[in-house]
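# Observations on chain architecture
Residue strings, one per chain:
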Amino acid sequence: IAELGRALGHTVISLVRRGPTQGDTFTIDDATPEKLLSRYGRLPSIAFDCVGGETTAQLLRLLADGGHLVSYGAISGQPLSIPTEQLIFARKRLSG
């Protein structure tokens, strides 16, 4: 997915569960909306989640208002954690 995004000219930010990190890669616990805004000038409009569980909630919080999260896996084995305020008040979408 990352390679396709880059090939299409998009800025790709990778989030991993643990470090080390470099460049455009952050750990999920270290990534904050403030850090992403400071570095890129805006928040992501789309995210792809193959982990599920609490990671889904963390990714939704990092998306810009009106952003879209695509769930395509459940590596964690946990159900998706979806903060409803992100869907209702920030108009974010979730699909799989």
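Everything discussed here concerns the structure shown above.
Now for a quick tour of the structure. In this text, all values refer to a predicted model and were calculated from it rather than measured experimentally.

Rules of the game
- Residues numbered from 1 in each chain as written.
- Predicted model: local features only at pLDDT ≥ 70, side-chain atom pairs only at ≥ 80, totals over all residues.
- Heavy atoms only, no water.
- Pairing = 2+ DSSP bridges.
- Helix = DSSP H or I, 4+ residues; strand = E, 2+ residues; numbered from the N terminus.
- Axes fitted to C-alpha atoms, helices over the stretch in contact; angles between N-to-C directions.
- Contact = heavy atoms within 4.5 Å.
- Buried < 20%, exposed > 50% of the residue type's maximum accessible area, 1.4 Å probe, protein only.
- Right-handed = clockwise from strand over helix to strand, strands pointing away.
- Patch = residues over 30% accessible without salt bridge, like charges linked within 9 Å, V, L, I, M, F, W, Y side chains within 5 Å.
- Areas by Shrake-Rupley, 256 points an atom, 1.4 Å probe, with all protein chains shown as cover.
- Salt bridge = Lys/Arg side-chain N within 4 Å of Asp/Glu carboxyl O.

## Some words on the sheet that holds strand 3 (residues 46-49)
Pairing is parallel in the open sheet, where 3 strands are placed in the order 3-4-5. Only two strands of the sheet have a single partner each, and these edge strands are strand 3 and strand 5 (93-95). Neighbour-to-neighbour, the strand axes of the sheet open up by a mean angle of 20°, direction not taken into account. Relative to strand 4 (residues 68-71), strand 3 runs parallel, the two being bridged by 4 bridges. Opposite Ile46, over in strand 4, you have His68 as the bridge partner. Where helix 3 (residues 54-62) meets the sheet, it contacts strand 3 and strand 4, and its direction lies at approximately 170° from that of strand 3.

## So, the environment of Pro44
By secondary structure assignment, the location of Pro44 is in the loop between helix 2 (33-40) and strand 3. For the pair Pro44 and Val12, spaced 32 residues apart in sequence, the C-alpha separation works out to 8.9 Å. If we ignore the near neighbours within four places in the chain, the residues touching Pro44 are Ile13, Leu36, Leu62, Leu63 and Ala64.

## Regarding unusual backbone geometry
Look at Arg91: it is not a glycine, yet its phi comes out positive at around 55°. In this structure, Arg91 sits in the loop between helix 4 (84-88) and strand 5. Judged by its relative accessible area of 53%, Arg91 falls in the exposed class.

## Here's the deal with the pairing of strand 4
In regular strands, side chains alternate between the two faces of the sheet. Judged by which residues are buried, strand 4 turns out to be covered on both faces: His68 and Val70 on one side and Leu69 and Ser71 on the other are all buried. Taking the sense of rotation as the criterion, the β-α-β connection linking strand 3, helix 3 and strand 4 turns out right-handed.

## Some details on a nonpolar patch on the surface
On the surface, Leu80, Ile82, Leu87, Ile88 and Phe89 cluster together into a nonpolar patch covering about 470 Å² of accessible area. Here Phe89 lies in the loop between helix 4 and strand 5.

## Considering helix 3
Within helix 3, the full set of buried residues consists of Thr55, Thr56, Ala57, Leu59, Leu60 and Leu62. Against strand 1 (14-16), helix 2, strand 3, strand 4 and helix 4 lie the buried residues of helix 3.

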